[in-house]
Every structure is written in C-alpha cells, then in structure tokens.
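Coordinates in review
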Amino acid sequence: MSLIQHIEIHDDTDSAGDELKPGSQLLHGQYTIERYLSAGGFGITYLARDSLERRVVIKECFLSSICRRSHAVVYPRSRAYSKEMAAVVSLFLREARSLAKLVHPNIVGVHEVFEDNGTAYMALDFVTGRDLQEVMADPATALSPTEIRSVLIKLLDAVQFIHDRGMLHRDISPDNVLLDANRNPILIDFGAAHDQDNANPASPALSTLRVVKDGYSPQELYVVGSENGPWSDLYALAATIYRLVAGEPPPNGQLRLAAVAGATNDPYVPLAGRFPAYDEPFLAAIDKSLQVLPKNRIQTARDWREMITAPVPKTGSVVELPPSKAGVKSAKQAAPQPERVAPAAKPATAKAPTMQPVPFLMGGAAAMVAVLGLLVLT
Ligand SMILES: Nc1ncnc2c1ncn2[C@@H]1O[C@H](COP(=O)(O)OP(=O)(O)OP(=O)(O)O)[C@@H](O)[C@H]1O
Ligand SMILES: [Mg+2]
C-alpha cells in the first residue's frame, strides 16, 4: 500500500486546527499545500506539490504554545512571546540548514529551506512508503531477520553520518523511519534534532518540549538538562530494532532507571539467547546499546557496526552479554524461528509511540529514587 493510500485512511485524523488550508501557497506559489499530515510538538507537517507538480512534504515551524495563526500568517501568541518566537524560528532555520547538508541515502533529503508567513519552512523529498510502525502492523509486509539486519546496518550508517557532523537526531523510533519502495530505511523527523553542543536551546518553550517516547527514549532524555550524546540516539535505535525483533518495545527507560537505582531488577528482557534466527553478536549488541547507564552502552555507531559485521564467533566462544540476563531463555530452549517472522506480540491495532512533553523535573518518588540512585551508580 502506498503512502497516498495510507494518507487516505488517515483522512479523518484530527487536525491541529492551526494548520494551513489545502490550496494555500508558499513562496510565491512555489509550493501548494495539498493536505495536513500531522502536528508534532515542533511544527506542522503537510503534503504539498511544487511548481513542477512533484509531491513534497513541507514542515512548518509552528510551536503551538507560543504561536497562533491569522490568515495564514503566524504570530506570537502575545507580545511577551515575540523574542522567543524569533529565536525558535531562527533555530528551526539553522537546524533545517544543517539537515540540508546531511545528504545520505538513508536520510530524508531537503529540497529547500525558506521563510514565509512570518515563520520558517523546509520542503523535503516525498518518500513513497510506510513507516516501520505500519510495516510491522501488517503481517503481509513483516520484515525477515535478514531484512531487519540490513535495516539496522543502513540506519547505523545514517546515524554515524549525523553524529560525525556534530548532530543528534534525538527522536529515533519506528514511526520516524520510512521504508521506501525498495525497502530502504529513510530516517525522517529531525524536529527534535540539535547540535551536540546545543542540547538545551535558549527558548524555554523548546526546552520543555524535549520529547520522549516511552520504550524508545533513553532515561537521560526524560530529565531536562541531563547530558545526552550519540549513545542516546543509539539507545533509541536499539529500541527500534528490539521492537522489530521481539514484537514489543523495551520497557520505559525512566522505569528502568528507577528499578536499577532502587536496586530492584531491571525489567528489561535481553534479546540474546532468545531468537535463534539472529546471530548472538547481533542480539548482544542491541542489548548493550539498551543499557540503562550511558557509560555501559556502545558509544558509537561505528563500534556497533564493527561488533555485528565481524566474523560470527564459532560455537563455544564467549559472547559479551550485558550484566542483566533476567528472563533470558537459552538458544536451545527458545523455539526455532521461521525465516520470515511476524513480530511476536504485535497488537492488531498498532498505534504510533506516544510523545509527551517533558516537564522540567520528573515527578514522584520514583523519579527522586532514580536521580539519587543515578548519582550513586555513575
Ligand atoms: N519525507 C516524507 N515523505 C513521506 N511522508 C512523510 C515524510 N515526512 C513525514 N512524512 C509523514 O508525515 C508524518 C509526520 O512527519 P514527522 O514524523 O516528520 O513529524 P511529526 O512526528 O508530526 O512532528 P515533529 O517534527 O514535530 O516531531 C510521518 O509519520 C510520515 O507519515
Ligand atoms: Mg514523527
């Protein structure tokens, strides 16, 4: 099923109410909005056509907490937000220009970055395909272990490319990876991306909008101001692949941290030893990237790639496993996997991982235990 059909299915998607109407023109008629696709924390996404009738995706900088629209033009909600809106628009432009430099076969291409309607836009290549969330939900398109491995290797290459240029994606998840017509993964949605040295932008509205997706975000992204780095993207990538292999995402990173800090068992169930359709170094590397504490994770995409592309150790050799092995079945105990595996415990109605704004401090006793425990552990 093409993305067009997919969009038809979601035609009743609640709109943000703030979006540009179909037929709206941007950049003196260079682009015509066809329809609203979605509204994330950072902006609004549209399907559009360029002047040559090519389909493109347009992302509009529209931070709903500080912006409003009147006759297509975007204004600050009040005078008090003028400075902040200007800062957000300029940040959007800067990040969009950085993304435009990331020319890579597995990263969505940027056509153009421009200003109009009092705000900023980027026009992206339209990718014909579906996101990993939808691919997994349909047994007819389930990925084989060989394909999952190839998806991981291509995404590692893309992530390494991003990190080598000093950026972090910060929102890797199944709904932000599209599989194109050739089943190539394309990383999209750089709305949360930042330069590695600019993790906490000046805008208070943006700071509170750091997004987390339960199961995919590492624990450090739940706390505003905590250090995140390449290992944070690797955690999210590992969680995405874990979802493909095991049929469900790993447990919420914040709960895992609270468990580890409270000296109870990490609820994470490692992949190693449970899925004989994959070689053990492949599974062990995912488990390692999903360690709660950043220092225990694989640190670079390059290292990860080397770990899984090195010759597979012969039977009997030692494979490094993460410390927590709770719930691991031995490869012998595990049921043999067919070559083409539909995700194990896939709910029939797959929903995209939910995003939530992150409060300045985590609430509740668990958070307190987690933060105190982390101080002890690190
Ligand atoms: N380049 C593209 N080609 C085809 N479809 C796309 C493209 N970019 C986005 N989409 C579609 O639009 C949806 C939303 O886009 P995206 O994930 O970039 O934004 P978001 O999650 O709504 O917001 P935010 O950028 O604020 O995090 C995607 O899930 C996908 O279905
Ligand atoms: Mg998205």
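Note that this is a predicted model, so its numbers are computed, not measured. (Residues numbered from 1 in each chain as written. Chains lettered and ligands numbered in written order. Predicted model: local features only at pLDDT ≥ 70, side-chain atom pairs only at ≥ 80, totals over all residues.)

A closer look at the overall build of the chain
Helices and strands together make up the secondary structure of the chain, namely ten helices and 15 strands. Within the span of the chain, comprising 378 residues, buried residues form 41% of the whole. (Helix = DSSP H or I, 4+ residues; strand = E, 2+ residues; numbered from the N terminus. Buried ≥ 20, exposed ≤ 12 C-beta atoms within 10 Å, placed from the backbone.)

Focus on the nonpolar core
One finds I58, L155 and A238 to be the most contacted residues of the largest nonpolar core, which totals 81 residues. Counting residues per element, this core draws most heavily on helix 6 (residues 230-246), which supplies eleven residues. Those residues within four positions of L155 in sequence are excluded, and the remaining contacts are N106, V177, P185, L187 and L237. (Core = buried A, V, L, I, M, F, W, Y, C linked by C-beta atoms within 7 Å. Contact = placed C-beta atoms within 7 Å.)

Let's talk about the sheet that holds strand 2 (residues 31-39)
Strands sit in the order 1-2-3-4-8-7 across an open sheet of six strands; the sheet is antiparallel. If you trace the sheet from one side to the other, it starts and ends with strand 1 (25-26) and strand 7 (110-116), each paired once. Of the pairings in the sheet, the one linking strand 7 to strand 8 (residues 119-125) comprises six bridges and is antiparallel in character. The residue bridging V113 from the neighbouring strand is M122, located in strand 8. Of the strands in this sheet, strand 4 (55-61), strand 7 and strand 8 touch helix 2 (residues 82-101), which is tilted by about 165° from strand 7. (Pairing = 2+ DSSP bridges. Axes fitted to C-alpha atoms, helices over the stretch in contact; angles between N-to-C directions.)

A short note on the site of ligand 1
In the vicinity of ligand 1, 21 residues are found, and the nearest of them are S38, G40, V127, D189 and G191. Counting only elements with at least two residues in the shell around ligand 1, the list comes to strand 2, strand 3 (43-50) and strand 8. Partitioning the shell around ligand 1 into residue classes produces ten nonpolar, seven polar and four charged. Residue contributions to the shell around ligand 1 reach at least three from each of two domains, namely domain 1 (3-125) and domain 2 (130-377). (Near = placed C-beta within 6 Å. Nonpolar A, V, L, I, M, F, W, Y, C, P; charged D, E, K, R; others polar. Domains from an automatic or database assignment.)

So, the packing of helix 4 (residues 145-164) against helix 9 (residues 301-309)
Packing of helix 4 against helix 9 leaves a shortest axis separation of 8 Å and a crossing angle of 155°. Compared by their axis directions, helix 4 and helix 9 come out roughly antiparallel. Classified by chirality, the crossing of helix 9 by helix 4 is left-handed. Every residue of helix 9 that contacts helix 4 at I153, L156, V159, Q160 and H163 is listed here: A301, R302, W304 and R305. Taken together, the residues of the contact of helix 4 with helix 9 sort by class into five nonpolar, two polar and two charged. (Parallel < 35°, antiparallel > 145°, perpendicular 65-115°, else oblique. Left-handed = near helix turned anticlockwise from the far one by under 90°.)

Re the sheet that holds strand 9 (residues 129-131)
Where strands meet in a sheet, backbone hydrogen bonds hold them as pairs that are either parallel or antiparallel. Pairing in this open sheet of three strands is antiparallel, and the strands run 9-11-12 from one edge to the other. Each of the sheet's edge strands pairs with one partner strand only, and the pair in question is strand 9 and strand 12 (185-187). Within this sheet the neighbouring strands show an average axis-to-axis angle of 30°, counted without direction. Of the pairings in the sheet, the one linking strand 9 to strand 11 (residues 177-180) comprises three bridges and is antiparallel in character. What sits directly across from R130, in strand 11, is L179. Where helix 4 meets the sheet, it contacts strand 11 and strand 12, and its direction lies at approximately 30° from that of strand 12.

With respect to unusual backbone geometry
Not every positive phi belongs to a glycine, and R170 is a case in point at roughly 70°. Relative to the elements of secondary structure, R170 occurs in the loop between strand 10 (167-168) and strand 11. Backbone geometry places R183, a non-glycine residue, at a positive phi of 65°. Its location among the elements puts R183 in the loop between strand 11 and strand 12. Residue R183 is classed as partly exposed on the basis of its 13 C-beta neighbours within 10 Å.

Structural notes on helix 6
The end-to-end C-alpha distance of helix 6 is 24 Å, a good match for the 24 Å that 17 residues give at a rise of 1.5 Å each. Backbone geometry just downstream of helix 6 places G247 in the positive-phi region, at approximately 85°. (Expected span 1.5 Å × (residues − 1).)

Quick look at the confidence of the model for the chain
A residue-level look at the chain finds 73% of positions with pLDDT of 70 or above and a mean pLDDT of 81. Within the model, pLDDT remains below 50 along residues 316-350, and this stretch shows 63 contacts once partners closer than five positions in the same chain are excluded. Of the regions scoring below 50 in pLDDT, residues 359-369 engages in ten contacts with residues more than four places distant in sequence or in other chains. (pLDDT = per-residue confidence, 0-100.)

Observations concerning the pairing of strand 5 (residues 67-70)
Consecutive residues of a regular strand have side chains that alternate between opposite faces of the sheet. Burial along strand 5 is one-sided: the face carrying C67 and R69 is buried and the face carrying R68 and S70 is not. Bridging between strand 5 and strand 6 (residues 73-76) involves four bridges; their strand directions are antiparallel. When the bridges of strand 6 are listed, R68 appears paired with Y75. The antiparallel pairing of strand 5 with strand 6 creates a hairpin that spans two residues between the two strands, and H71 there sits at a positive phi of about 50°.

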